[in-house]
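# Structure assessment
Given next are the chains, with one letter for each unit.
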Amino acid sequence: MTMKKLFYLFRHGQTDMNAERRWQGRLINAPLNATGVRQAENLANSLIPCKIQAIFTSPLLRAVQTAKIVADKINVPVMECGGLIEGCFGAAEGKTIYEIYALFPDIAPRWESLEPEDMDVCFPNGETKRQIQTRWLAALTDIAEQYPCDRVGISGHSAAIRCTMLAFGQKYPQVPHGTPFCLEWDGKRFSFVG
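Residues numbered from 1 in each chain as written. Predicted model: local features only at pLDDT ≥ 70, side-chain atom pairs only at ≥ 80, totals over all residues. Heavy atoms only, no water.

### Thoughts on the nonpolar core
Grouped together as the largest cluster of nonpolar side chains are 36 residues, with contacts concentrated most on Phe-7, Leu-84, Leu-140 and Ile-154. Mapped onto this core, the elements with two or more residues apiece are β1 (5-11), β2 (54-57), α4 (97-103), α5 (107-112), α6 (129-146), β4 (151-156), α7 (158-166) and β5 (181-185). The biggest single contributor to this core is α6, with six residues. Once you skip the residues sitting within four places of it in the chain, Phe-7 turns out to touch Leu-140, Ile-143, Ala-144, Val-152, Ile-154, Phe-181, Cys-182, Leu-183 and Phe-190. Ala-44, Ala-67, Val-70 and Val-76 belong to the second largest nonpolar core, which has 15 residues in total. (Core = buried A, V, L, I, M, F, W, Y, C linked by side-chain atoms within 4.5 Å. Buried < 20%, exposed > 50% of the residue type's maximum accessible area, 1.4 Å probe, protein only. Helix = DSSP H or I, 4+ residues; strand = E, 2+ residues; numbered from the N terminus. Contact = heavy atoms within 4.5 Å.)

### Let's talk about α7
Within an α-helix, residues lying three or four positions from one another point in the same direction, as the helix has 3.6 residues per turn. Most of α7 sits inside the fold, with nine of its nine residues counted as buried. The set of residues buried in α7 consists of Ser-158, Ala-159, Ala-160, Ile-161, Arg-162, Cys-163, Thr-164, Met-165 and Leu-166. Buried residues along α7 sit in contact with β1, α5, α6, β4, β5 and β6 (190-192).

### Details of unusual backbone geometry
Positive phi, normally seen in glycine, also occurs at Lys-51, with a value near 55°. Exposure remark for Lys-51: the relative accessible area of 61% places this residue in the exposed category. Here Asn-75, not a glycine, exhibits a phi torsion of approximately 60°, which is positive. Secondary-structure assignment places Asn-75 in the loop between α3 (61-74) and β3 (78-80). Take Asn-75: its relative accessible area is 71%, and that puts it in the exposed class.

### Overview of the packing of aromatic side chains
This model, assessed by the stated rule, comprises nine aromatic pairs. Taking 5.1 Å as the distance between ring centres and 75° as the angle between the ring planes, the aromatic pair formed by Phe-7 and Phe-190 counts as edge-to-face. Taken together, the residues span a long stretch of sequence, with Phe-7 in strand β1 and Phe-190 in strand β6 at a distance of 183 residues. Like Phe-7, the residue Phe-190 is buried in the burial classification. For the pair Trp-23 and Phe-89, a centre-to-centre distance of 5.4 Å together with 65° between the ring planes defines the contact as edge-to-face. With Trp-23 in the loop between α1 (16-19) and α2 (34-47) and Phe-89 in the loop between β3 and α4, this pair connects stretches of sequence that are 66 residues apart. Through a chain of ring-to-ring contacts, the aromatic side chains of Trp-23, Phe-89, Phe-104, Trp-111 and Phe-123 assemble into a single cluster. The cationic tip of Lys-129 hangs over the ring face of Trp-111; the distance from NZ or CZ to the ring centre is 5.8 Å. (Phe/Tyr/Trp six-rings, centres within 6.5 Å; stacked < 30°, edge-to-face > 60°. Lys NZ or Arg CZ within 6 Å of the ring centre and 35° of its normal.)

### A closer look at the pattern of salt bridges
Inspection of the entire model under this criterion finds eight salt bridges. Across the pair Asp-118 and Arg-110 runs a salt bridge, and its minimum N-O distance is 2.7 Å. Assessed through its relative accessible area of 9%, Asp-118 is described here as buried. Residue classification places Arg-110 among the partly exposed residues on the basis of a relative accessible area of 40%. Where salt bridges share partners, they join Glu-20, Arg-22 and Glu-99 into one cluster. (Salt bridge = Lys/Arg side-chain N within 4 Å of Asp/Glu carboxyl O.)

### Observations concerning the sheet that holds β4
One open sheet accounts for six strands, arranged β3-β2-β4-β1-β5-β6; its pairing is mixed. Two strands in the sheet have a free side with no partner beyond their single neighbour: β3 and β6. Ignoring which end each strand starts from, the neighbouring axes of this sheet average 30° apart. In terms of strand pairing, β5 meets β6 through three bridges, oriented antiparallel. Opposite Trp-185, over in β6, you have Phe-190 as the bridge partner. Relative to β2, α3 is tilted by about 175°, and along the sheet it contacts β1, β2, β3 and β4. Against the sheet, α7 engages β1, β4, β5 and β6, with an angle of about 135° to β1. (Pairing = 2+ DSSP bridges. Axes fitted to C-alpha atoms, helices over the stretch in contact; angles between N-to-C directions.)

Given below as C-alpha cells:
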C-alpha cells in the first residue's frame, strides 16, 4: 500500500526586485531583502505544525535562502532541484509590469491570463506556461517517487507555482510571499488540498 504524501509549496520571500515590481525570472538571481527574511521566518513558524521532513528548492538564491531559513527553524535538510527553477520570461526579465505591457501589448495580458487557451503563450526567448507547469509537475513527481519523506516542503517562485496550480483548476492571479499551498500525492498523481 502506497503512503500518501503531502507537499507544501511556497513562494520565496521578497527581494528588492519584487518591491520594484520587476520580473526576475530565472536569469536574475537576487537575494532576499529584510522584508523577505521576515516573511521566510514567519513562514517557518507557520509550517512547524506540518511536520515537514525535507525541503526541496529551486537553485535560485531567493528560493534557497527561504528554504534554509525554514529548514533551520524546523531542523530538516534542504536539497536543490533544477526542475523547480522559476520560469524563463525571456525578453521580459528585469522589466517592470508597465514596461512589459508597453513592449509586449499582445503577449502580456495573455501571459497573465489564467485561462486554458493562453497556456502556450510566451515572451520572446521565454518558456510557455505549459512548459513551466510540465517541468514542475515532473520535478514534483520525481521527488514523490524517489524520496521516502511523506511531508515535503517546496521552495519556489510565483509564476511556477501559479502555472502548477492551474493543473488542479486553481487560479491565483497572485502568489503571496511565504504562503504555502498543499498538494497530496496518492502514489500515482497529485491533487490539490488547499
